[in-house]
Amino acid sequence: MATVGRPADEPMIATAGTRLDPDYEQRLAAEAEAGFDPATLTRRQADRPSLSGRAGHSKRVDLRVDDQATRRSSGLPTETTAGVRDAINRYLEAG
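Below is a summary of the structure that appears in this document. Just so it is clear, the structure is predicted and the values come from calculations on it, not from any experiment.

One pass over the structure, following the stated rule, counts one salt bridge. Between Arg 27 and Asp 23 there is a salt bridge; the shortest N-O distance is 3.5 Å. Highlighted residues: Arg 27 and Asp 23, both in helix H1 (residues 22-34), separated by four residues, approximately one helical turn.

Structure below.
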C-alpha cells in the first residue's frame with residue numbers, strides 16, 4: 001500500500017517513538033506466532049489527564065445552554081466549555 005507524504009524507504013515511527021522497520025515487523029510476527037505472556041504487558045492510561053493538573057480524574061458534566069449564551073460565547077477567544085469551566089471555578093472560589 002502506498003503512503004502519501006513519506007518516502008517508501010523511510011520507516012514509519014510509532015507514537016512511542018519506535019521505528020516500524022521490517023526488522024521490527026519480523027520480531028513482532030515471531031512474538032505473535034510464539035505467543036506472549038499478557039503479564040508482561042504495560043498498562044497505559046486511556047483517559048485524558050485531569051484538567052486541574054493534579055492527580056485524579058476530572059468529572060464530566062453535561063449541560064445545556066440557550067441560543068443567546070451560545071451566540072455571546074461565539075465571539076470569545078475560548079470555547080463555550082472553557083467559559084463554563086471558568087465560570088464554575090470563579091463561582092466556587094467566591095463561595
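Let's shift gears to a nonpolar patch on the surface. A cluster of nonpolar residues, Val 61, Leu 63 and Val 65, forms a patch on the protein surface that exposes about 270 Å² of accessible area. Mapped onto the elements, Val 61 comes out in the loop between H1 and helix H2 (67-74). A residue is classified by how much of its surface remains accessible, and Val 61, at 61% relative accessible area, is exposed.

Quick notes on the rules
Residues numbered from 1 in each chain as written. Predicted model: local features only at pLDDT ≥ 70, side-chain atom pairs only at ≥ 80, totals over all residues. Heavy atoms only, no water. Salt bridge = Lys/Arg side-chain N within 4 Å of Asp/Glu carboxyl O. Helix = DSSP H or I, 4+ residues; strand = E, 2+ residues; numbered from the N terminus. Patch = residues over 30% accessible without salt bridge, like charges linked within 9 Å, V, L, I, M, F, W, Y side chains within 5 Å. Areas by Shrake-Rupley, 256 points an atom, 1.4 Å probe, with all protein chains shown as cover. Buried < 20%, exposed > 50% of the residue type's maximum accessible area, 1.4 Å probe, protein only.

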